[in-house]
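Residues per chain are reported as follows:
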Amino acid sequence: MTDVKARPGSNAYGYFDVAAREYVITRPDTPTPWLNYIGEGRYGGIVSNTGGGFSFDRDPRNRRVSRYRYNAIPVDQPGRYVYLRDQETGEFWSPTARPTRVELDSYECRHGTAYTRISGSFEGIAAEILYFVPLSPVDEPAPCELWVLKVRNDGSTPRKLRSFSYVEFSLADANNDLNNLDWAQHIVFSSCEDGVIRVGTKFNPLNYFFASSETPTGYTCDREDFVGRGRDLTDPIVVETGTPSNAPSPRGNSVGSLTHDLDLAPGEERQIVFIMGATERAAEIGRVVARYSQPAEVASAFQALRDDWDAYLSRFTVETPDADTNAMINFWNQVQCRTTLYWSRFVSGYETGLGRGMGTRDSGQDTLGTMHTVPEHARRMLTTIWTMQFADGHTWHQFFPLTLEGGPGLAGEYPKWPQWFSDDHLWLIISVCAYLRETGSLDYLDQKVAYVDHAEESVWEHMLRAVDFTLSHLGPHGLPRSGFSDWNDTLDVDHGSGKAESVWTAMQFCKAMLDLAELSEKIDRPADAARFAGLHETMAAAINEHAWDGAWYMRSFDDDGLPIGIAGAAHHAIDLIPQSWSVLGKVAPPARAEQAMASADEKLNTRYGIALMWPPYDGADPRVAGMATYVPGAKENGGIFCHANAWSIVAAAMLGHGDQAYKYYRQILPLARTDSDLYKVEPYTYPQNICGPAHPSFGMARNAWLTGTASWTFVAATQWILGIRPTYDGLRVAPAMPSGWQGFKAHREYRGTAYEISVRREGPGNTVAMIVDGVAVPGDVVPPPPPGTAAVIVEVVVA
Ligand code: GLC
């Protein structure tokens, strides 16, 4: 293969190290904190390239372990810090470059799979901290994280150093930690015994602990003792004087600061492992601390974590002519898909983990990017979301992972408007069908799940109720009522008149009906198959009759029944998603599909991605409420909403336009954005949005990590550009690849067999000729091999 760059994403602040599979950040002053996640969806947290971040156990709202001050200055504080102090000169510094601002002689941060390693050297002392959370059983009574500090004397004279760790503890209830200061600060206290700092309250057995592998020579439990009056984390009094308080914190703010002395001969290296965690069972703390005080246990825990991620990443790999694409598909995109499956839109650098919980719509879609590798997790998530469904068929909009408490989300703030969303429940149908195509586990349809307000029924019956909800909430044109909103949270057109309809939800419903019709055929329910096909036809006819504007599809009807997204409108004349979904839902006749997509391309495409709509609103507009609250070009108001870009990639590929699909894919490919001073966010994960052409910061991205862009770009790239997609009857390979590609190779595991796929272009079209294990087969679906087959070799010629 040609033109493979060694360092994808190379920019002024870093690059992707392909061999190490780590994004390497070479400067601490990134335009925004560039984050990573540690943990596997239970105990864990976020960690920035300068050690900022915080931890929580299963739920950042209800079981927050440590603190992080969002949107404060200095930015990105506090975090998981270690200060080093030269005991002879009194000089001190942070090997993670913050919170002190002492300029290091060298600095590097490596973000890998659920671990981050930051190293910094200063005046002959090289230090690094590796942060990770050991894998542990689901019912681990004392989950913990480790900070593995290594300090080495690279100089030629002996050095006397003292280290001070620092982390600030939160009350488990993170809202009360911020809101009810008088109460919160009178209930939390901490003390240190036998080198272990414990933080807790009198009324709850939950304890946070902070310990180390080496016996500390001192400790400080109280933040005010540590920092000192009128100071901050750049010059805390304990570090400046080198003298810990050795006192408990009877109230106020508890910190985890252990002091260690490090006398290092030239060339000598020492390791200290800090162990921080949460437990209700105090007796467990000793066991955990003893375990991770042994270097061999730490090394094997780290290896086990890496093995787990390597296995996760091993089930789909590609080799295309584009190094950025390879790096995203093989690594970062899959890492991000797993992270969104864990955390939905709950906790990131932008989501504070206080309010929104997991989104049913969001998590439903997040399963799509992980089905191929952790289908059992995707299934668990779908089952949890089905428990959020009401007997009338709609679902709660969000839920909290620890308590499973559901809620209406944003709609709760507008109690007079509909309290349901028109799309939430339909995503579940689409995702369940994707799960069944991937796994063939049709038994899932019989699994019994309770409703919020009704006794348990099978998943199949849940799906039927979801369909019924939409059918019993149609508007005057026979299209679904919009509800509080459809996928676009801010398009709040339905104020209860019954006239507000979503053209896009109608298309999403069409996609769900196609999926159900196909499934019904598969499970031998011909009457159901006919019914769903009929529903698709009726809905598609209603859309084509009422919502075609001449050169594109309209977006919605407002509460007065007037159309939105029509030519000539001063604001919101065209919206992207009804164009792409007219293809995804097989709504548009061929000529209209082409025209709709061409209109979107002409009116909305930019070099940084496709804007969601045009022209943006410029000031309040009660018809759409939320959308018009943004300045022109931001977020849903004419910004480049990356999630919706992914659907255009799918649509272009479905129409057979490989070059167009790839163009849309590259435009928003994070590693392809090397202009970090404009782009600003992490170049290795998809952001939710990029400022659109109407915005003064056109091209700047916001809200990295937690976005449906992750799963949908993975689906778009792997299933539609590369064309490798599961069907009920085998793996299909039907690429819509760019004309410049001579081919690609892929390894794809599917139902227990490894598919070694190589695709070769021999002509300009998309027609596929397939050879399986040396034998030509008709069509583009690999016939399922006998059970137990380890591997099949699939050669595809595209012409
Ligand atoms: C955010 C929300 C998601 C919504 C999207 C578009 O990403 O989490 O639920 O669909 O915005 O408004």
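Residues numbered from 1 in each chain as written. Predicted model: local features only at pLDDT ≥ 70, side-chain atom pairs only at ≥ 80, totals over all residues. Heavy atoms only, no water.

## Quick word on the overall build of the chain
Here's step 1: Looking only at helices and strands, the chain has 19 helices and 42 strands in total.
Here's step 2: Against the globule reference of 28 Å for 799 residues, the chain gives a C-alpha radius of gyration of 27 Å, in line with a compact fold.
Here's step 3: In terms of overall dimensions, the chain has a C-alpha envelope of 80 × 65 × 50 Å along the principal axes.
Here's step 4: Within the chain, buried positions represent 62% of all 799 residues.
Here's step 5: Taking the contacts inside the chain whose residues are at least 6 apart along the sequence as the reference set, 67% of them involve residues at least 24 apart. (Helix = DSSP H or I, 4+ residues; strand = E, 2+ residues; numbered from the N terminus. Rg over C-alpha atoms; globule rule 2.2 N^0.38 Å. Buried < 20%, exposed > 50% of the residue type's maximum accessible area, 1.4 Å probe, protein only. Contact = heavy atoms within 4.5 Å.)

## Quick notes on the environment of Gly 483
Here's step 1: The residue Gly 483 is located in the loop between α11 (459–471) and β25 (501–502) in this model.
Here's step 2: Residue Gly 483 is classed as buried on the basis of its relative accessible area of 0%.
Here's step 3: In this structure, the C-alpha to C-alpha distance between Gly 483 and Pro 622, residues 139 residues apart in sequence, is 16 Å.

## Focus: a negative patch on the surface
Here's step 1: On the surface, a cluster of negative charge is made up of Glu 91, Glu 103, Asp 105 and Glu 123.
Here's step 2: Assignment of secondary structure puts Asp 105 in the loop between β7 (92–93) and β8 (106–111).
Here's step 3: Looking at Asp 105, the relative accessible area reads 54%, which means it is exposed. (Patch = residues over 30% accessible without salt bridge, like charges linked within 9 Å, V, L, I, M, F, W, Y side chains within 5 Å. Areas by Shrake-Rupley, 256 points an atom, 1.4 Å probe, with all protein chains shown as cover. Salt bridge = Lys/Arg side-chain N within 4 Å of Asp/Glu carboxyl O. Lys, Arg positive; Asp, Glu negative; His and termini not counted. Charge placed at Lys NZ, Arg CZ, Asp CG, Glu CD.)

## Topic: the site of the ligand
Here's step 1: What surrounds the ligand is the set Arg 345, Arg 356, Arg 361, Asp 362, Trp 487, Asn 488, Asp 489, Glu 636, Phe 641 and Gln 688.
Here's step 2: Here an oxygen atom of the ligand and a side-chain polar atom of Asp 362 are 2.6 Å apart.
Here's step 3: At 3.1 Å, a side-chain N or O of Gln 688 approaches an oxygen atom of the ligand.
Here's step 4: In the complex, 96% of the free accessible area of the ligand, which totals 300 Å², lies under the protein chains.
Here's step 5: When the residues that make up the shell around the ligand are grouped by side-chain class, the tally is two nonpolar, two polar and six charged. (Near = heavy atom within 4 Å. Polar contact = N/O pair within 3.5 Å; in protein donor to acceptor, adjacent residues only side chain to side chain. Nonpolar A, V, L, I, M, F, W, Y, C, P; charged D, E, K, R; others polar.)

## Details of the nonpolar core
Here's step 1: In this structure, Phe 132, Met 463, Ile 543, Trp 647 and Tyr 665 are the most contacted members of the largest nonpolar core, which totals 225 residues.
Here's step 2: Ranked by the residues each element gives to this core, the list is headed by helix α12 (residues 503–522), at 11 residues.
Here's step 3: Setting aside residues up to four positions removed in sequence, Ile 543 forms contacts with Leu 479, Val 503, Ala 506, Met 507, Cys 510, Trp 548, Tyr 553 and Val 587.
Here's step 4: In terms of nonpolar packing, the next biggest core, distinct from the first, is built from 11 residues, Tyr 83, Phe 92, Val 239 and Val 255 among them. (Core = buried A, V, L, I, M, F, W, Y, C linked by side-chain atoms within 4.5 Å.)

## Brief notes about the side chain of Ser 502
Here's step 1: With respect to the element layout, Ser 502 can be found in strand β25.
Here's step 2: For Ser 502, the side chain forms a polar contact with the main-chain nitrogen of Thr 505, separated by 2.8 Å.
Here's step 3: The residues touching Ser 502, leaving out its near neighbours within four places in the chain, are Ser 422, Leu 479, Pro 480, Arg 481, Ser 482, Asp 486, Arg 555 and Ser 556.

## Re the packing of aromatic side chains
Here's step 1: Taken as a whole and judged by the stated rule, the model has 52 aromatic pairs.
Here's step 2: Geometrically, the ring pair formed by Phe 16 and Trp 332 is edge-to-face, given 6.4 Å between the ring centres and 70 degrees between the ring planes. Taken as a pair, Phe 16 in strand β1 (residues 14–17) and Trp 332 in helix α7 (residues 323–343) lie far apart in primary sequence, 316 residues in all. In this structure, Phe 16 and Trp 332 share a single accessibility class: buried.
Here's step 3: Aromatic side chains Phe 210 and Phe 274 sit 5.8 Å apart centroid to centroid with 25 degrees between the ring planes, which places their arrangement in the stacked category. Of this pair, Phe 210 sits in strand β15 (residues 207–212) while Phe 274 sits in strand β18 (residues 269–279); the two residues are 64 residues apart in sequence, bridging distant segments of the chain.
Here's step 4: Phe 210 gets classed as buried once you look at its relative accessible area, which sits at 0%. (Phe/Tyr/Trp six-rings, centres within 6.5 Å; stacked < 30°, edge-to-face > 60°.)

## Examining the pairing of strand β37 (residues 743–750)
Here's step 1: The element β37 is extensively covered by neighbouring structure, given that six of its eight residues are classed as buried.
Here's step 2: When strand β19 (residues 316–319) meets β37, the two strands line up antiparallel, connected through four bridges. Paired with Glu 319 across the bridge in β37 is Lys 745.
Here's step 3: Looking at chain direction, β37 and strand β38 (residues 753–761) are connected through eight bridges and run antiparallel. Residue Arg 748 lies in a different strand from β38, and its bridge partner there is Tyr 755.
Here's step 4: Connecting the antiparallel pair β37 and β38 is a turn made up of two residues, with Arg 751 showing a positive phi of about 50 degrees. (Pairing = 2+ DSSP bridges.)

## Remarks on unusual backbone geometry
Here's step 1: Residue Arg 98 is joined to Pro 99 through a cis peptide bond whose omega torsion reads 10 degrees.
Here's step 2: Note that the residue after Trp 614, namely Pro 615, is joined by a cis bond; omega there is -15 degrees.
Here's step 3: Here Pro 615 is to be found in the loop between β31 (613–614) and β32 (640–641).
Here's step 4: If you check the backbone angles, Lys 586 has positive phi at about 50 degrees while not being a glycine.
Here's step 5: Considering the arrangement of structural elements, one finds Lys 586 in the loop between α14 (577–584) and α15 (590–604).
Here's step 6: For Lys 586, a relative accessible area of 53% corresponds to the exposed category.
Here's step 7: One non-glycine residue, Trp 705, lies in positive phi territory at about 85 degrees.
Here's step 8: By the secondary structure assignment, Trp 705 is in the loop between β34 (701–704) and α19 (709–721).

## Examining the state of the cysteines
Here's step 1: Evaluated as defined, the whole model comprises zero disulfides.
Here's step 2: Distance from the sulfur of Cys 144, which forms no disulfide, to the nearest cysteine sulfur (Cys 192) is 17 Å.
Here's step 3: Residue Cys 144 is classed as buried on the basis of its relative accessible area, which comes to 5%. (Disulfide = S-S within 2.5 Å.)

## Some remarks on the pattern of salt bridges
Here's step 1: Counted according to the given criterion, the structure contains 55 salt bridges.
Here's step 2: For the salt bridge of Asp 57 with Arg 63, the shortest nitrogen-to-oxygen distance reads 2.8 Å. You'll find Asp 57 and Arg 63 in the same group, each marked buried.
Here's step 3: Arg 159 is the salt-bridge partner of Asp 86, the closest N and O atoms lying 3.2 Å from each other. Taken together, the positions of Asp 86 in strand β6 (residues 81–86) and Arg 159 in strand β12 (residues 159–166) put the pair 73 residues apart, joining distant regions of the chain.

## As for α7
Residues lying three or four places apart along an α-helix face the same way, a consequence of the helix completing one turn every 3.6 residues.
Here's step 1: Taking 1.5 Å of rise per residue, 21 residues should cover 30 Å, and α7 covers 28 Å from first to last C-alpha, within 8% of that figure.
Here's step 2: At Ile 329, α7 shows its largest kink, close to 50 degrees.
Here's step 3: The element α7 is extensively covered by neighbouring structure, given that 21 of its 21 residues are classed as buried.
Here's step 4: Of the residues flanking the start of α7, the one acting as N-cap is Asp 322, its side-chain oxygen 2.9 Å from the backbone nitrogen of Asp 324.
Here's step 5: In the stretch just after α7, Ser 344 is the one whose phi turns positive, near 50 degrees. (Expected span 1.5 Å × (residues − 1). Bend = angle between axes of the 7 residues up to and from the residue.)

## What to know about the packing of α14 against α15
Here's step 1: The N-to-C vectors of α14 and α15 enclose an angle of 150 degrees; their axes lie 9 Å apart at closest approach. On the basis of their axis angle, the class for α14 and α15 is roughly antiparallel. Relative to α15, the crossing made by α14 is left-handed. Contacts between α14 and α15 involve Gln 579, Ser 580, Ser 582 and Val 583 on the former and, on the latter, Ala 593, Ala 596, Met 597 and Ala 600.
Here's step 2: Here the contact of α14 with α15 is composed, by residue class, of five nonpolar, three polar and no charged. (Axes fitted to C-alpha atoms, helices over the stretch in contact; angles between N-to-C directions. Parallel < 35°, antiparallel > 145°, perpendicular 65-115°, else oblique. Left-handed = near helix turned anticlockwise from the far one by under 90°.)

## Quick word on the sheet that holds strand β21 (residues 398–399)
Here's step 1: The three strands lie next to each other as β20-β21-β22, forming an open sheet whose pairing is antiparallel. Of all the strands in the sheet, the pair left with one neighbour each is β20 (358–359) and β22 (406–407).
Here's step 2: Pairing geometry for β21 and β22, over two bridges, is antiparallel. The partner of Gln 398 across the bridge, within β22, is Gly 407.

These results come straight from atomic positions and should not be treated as a statement about function.
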